[in-house]
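Take a look at the letters that make up each chain.
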Amino acid sequence: MANTKQETTKKTVKKYYNYIGGEWVKSSSGEWFDNVNPADTSDIVGRFPASNEDDVNAAVAAAKSAATRWRRTPAPKRAEILFTLGEILRKNKDAFTQQMTREMGKVLKEAGGDVQEAIDCTYYTAGEGRRLHGFTTPAEMPNKFAMCVRQPVGLCGLITPFNFPMAIPSWKLIPALVCGNTVVIKSGEDVPLSTINLVKSCEEAGIPKGVVNVVNGFGEAGAALVDHKDVRLISFTGSTSTGRRIAEACARDNKIVSLEMGGKNAIIVMDDADIDNAVEGSLWGAFGTSGQRCTASSRLVVHKKIYKKFCEKLVERVKKLRVGNGLDPRTEVGPVINERAMEKIHGYIEIGKIHDNATLACGGNRLTKGDYKKGYFIEPTVFTDVKPGMRIGQEEIFGPVTSVIPFSTLDEAIEIVNGVAYGLSSAIYTQDVNQAFYAMQELYTGICYVNSATIGAEVHLPFGGTKGTGNGHREAGTQVLDIFTEWKALYVDYSGKLQKAQIDEVEI
């Protein structure tokens, strides 16, 4: 958590504000928090308002007042504004990329991909403004017409995490808008600037006042948004423990809730796999975004026939990964997001060494000297000789740590992959098409890759998982429309008399 009292002796820190009812305003709390660069904590990216319940109430009131006008705006017109938003995001991609790396730490190429995903999501989802399809169907009575249409849910609360500072907010915001909803976003407290950049772009695109609102801050603001009686839907991405509390709170008020939570993803490497390709995929899957992805490849399930060779090649490559400030184009692995995360990750490394008695093949240390002394850097870490039931093989670490687990048969590997509380993403490396299709059938995850890592979703496919990963909803693709709309069945009886479905006999 950023220190609200932290000061800097450098140049004046820029202040940012909440966006409520089309105006940029301070928090009624009068308090601020600092957005700190995780690669260099002496670098204050900006100062943001620490919002409270009063700020959330004001944002919800603004969204409520704008709801009818926005709902009645034809969907193709709403989409037209969103296409303009996509153009604005594309124009500012380089600037937004730099700012994202500075506040979040991910390397420039990944930050650029994050912004690009928001652009892709905006263009793709805006196209649904002319495709918010319902359907017609034959009625069971004569001279009667039956059809279904979508209608907006209403006022949506969006709570977003730190690891994809613009992509994930766009996954929620853009579908909500094209469907005719108004929104209040509670930005991730470690990455508020990227959300501000997205909302400023909405303002520039001409989205009417009150349709999009953002409050910055911590748990108090998030809880107030979840508990507000006028909020119809909560869309949350974050930890499983927080998601469960949100689900319980939403159940009390019969709110719609969409949860995207944790993962403990695995890559299966068969004995016929291209080992070099599998190692490259494992590097990217395990250490991309410093392992801070819900889709991270935190388990590598490797056939015993190639286990030793795979581990040797993997460790050799991991030791060569360049750790550093994400703003340096040479950097391959950036910092983790904050001190709390660093301590949690290091705690799991100790669990792996001492409690689980796994073999620490490489890494495991915090980097503290030279260029690393002001940042939250952890060496990319590999454990070998890991058993499926070990804590490091079961629990989400959310950092640059992966575990290599041996297996003998494909069925055993599938059992290992499925044998955790989560079910987000899985992968298999093999040259055997029969094995590939069998694995795709049997792996109980929302996403499955063949000959690729577990990360890298595309915006036109549904994203989400099974079991403890979520509550059954999907983001992205056309499937996301089912979160932000509700179905309305319409019947038109033009027979000129009362007809009773399921009761009257139809004469033929």
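What you see is a predicted model; the values in this text were computed from it and never measured.

Colleague: I keep staring at the packing of helix α1 (residues 53–72) against helix α7 (residues 219–227) and nothing clicks. Help me out?
Modeller: The axes of two packed helices give the description: the angle between them and the distance between them. Relative orientation of the contacting elements α1 and α7 amounts to 45°, with a least axis distance of 8 Å. Relative to α7, the element α1 lies oblique. Note on packing geometry: the crossing formed by α1 with α7 is right-handed. Residues E53, V56 and V60 of α1 pack against E220, A221, A224 and L225 of α7. Considering only residue class, the contact of α1 with α7 consists of five nonpolar, no polar and two charged.

Colleague: What should I look at first to understand the pairing of strand β10 (residues 233–237) in this one?
Modeller: Consecutive residues of a regular strand have side chains that alternate between opposite faces of the sheet. Burial runs high along β10: five of the five residues are buried. Where burial is concerned, the two faces of β10 agree: the one with L233, S235 and T237 and the one with I234 and F236 are both buried. Pairing of strand β7 (residues 155–159) with β10, which is carried by four bridges, proceeds in the parallel orientation. Following the sheet pairing, G157 is matched in β10 by I234.

Colleague: Mind showing me how you'd approach the sheet that holds strand β13 (residues 299–303) here?
Modeller: Two pairing modes exist for strands in a sheet, parallel and antiparallel, and in both the strands are linked by backbone hydrogen bonds. Across the sheet, which stays open at both edges, the seven strands sit in the order β14-β17-β18-β13-β12-β20-β21 with mixed pairing between neighbours. Of all the strands in the sheet, the pair left with one neighbour each is β14 (359–362) and β21 (447–450). Between one strand axis and the next, the sheet turns by 20° as a mean value, whatever way the strands run. Examined bridge by bridge, strand β12 (residues 266–269) and β13 share four bridges and lie parallel to one another. Its bridge partner being in β13, I267 is matched across the sheet by L300. Packed on one face of the sheet, helix α11 (residues 339–355) meets β14, β17 (381–384) and β18 (401–407) and runs near 25° to β17.

Colleague: How do you make sense of the pattern of salt bridges when you look at a structure like this?
Modeller: Pairing is possible between side chains of opposite charge, provided their charged atoms come close. By the definition in use, this model includes 23 salt bridges. Note that D43 is salt-bridged to R102, the shortest N-O span being 2.7 Å. Taken together, the positions of D43 in strand β4 (residues 40–49) and R102 in helix α3 (residues 93–104) put the pair 59 residues apart, joining distant regions of the chain. Beyond isolated ion pairs, a larger network of salt bridges with shared partners links K229, D253 and K255.

Colleague: Mind showing me how you'd approach the environment of P169 here?
Modeller: Residue placement: P169 occurs in helix α5 (residues 167–178). Along the backbone, P169 and F463 are 294 residues apart, and their C-alpha atoms lie at a distance of 14 Å. Filtering out sequence-adjacent residues up to four positions away, P169 remains in contact with T160, F164, T195 and L198.

Colleague: Looking at this structure, how should I read unusual backbone geometry?
Modeller: When glycine is set aside, most residues are seen to have a negative phi, and most peptide bonds are trans. Phi angles above zero are rare outside glycine, and N254 is one such case at about 60°. Among the secondary structure elements, N254 is positioned in the loop between α8 (240–252) and β11 (256–260). In this structure N254 comes out as exposed when scored by relative accessible area, which is 60%. With a phi angle near 70°, A476 is a residue other than glycine that sits in the positive phi range. As for its placement among the helices and strands, A476 is situated in the loop between β22 (466–467) and α14 (481–484).

Calculation rules
Counting of residues starts from 1 at the beginning of each chain's written sequence and follows it residue by residue. For a predicted model such as this one, the threshold for reporting local features is a pLDDT of at least 70, and the threshold for listing and counting side-chain atom pairs is 80 or more; totals across whole chains, interfaces and linings nevertheless cover every residue. The side-chain quantities take in all heavy atoms of the structure and omit both hydrogens and water. Angular values range over 0 to 180 degrees, each being the angle between N-to-C directions of two axes fitted as lines to C-alpha atoms, with helices fitted over their stretch in contact. Working definition: helices are DSSP H or I runs of at least four residues, strands are E runs of at least two. Numbering for both runs from the N terminus. Roughly parallel here means an angle under 35 degrees, roughly antiparallel means over 145, roughly perpendicular means 65 to 115, and every remaining angle is called oblique. Should the near helix be turned counterclockwise from the far one by less than a right angle, the crossing is left-handed, whereas a clockwise turn marks it as right-handed. It only takes one pair of heavy atoms within 4.5 Å for two residues to be counted as in contact. Each residue gets one label: Ala, Val, Leu, Ile, Met, Phe, Trp, Tyr, Cys and Pro are nonpolar, Asp, Glu, Lys and Arg are charged, and the others, such as Gly, are polar. Residue exposure (1.4 Å probe, protein chains only): buried if accessible area is under 20% of the type maximum, exposed if over 50%, otherwise partly exposed. Only strands that DSSP links by at least two bridges are regarded as paired with each other. Salt bridge, as used here, is a side-chain nitrogen of Lys or Arg placed within 4 Å of a carboxyl oxygen of Asp or Glu.

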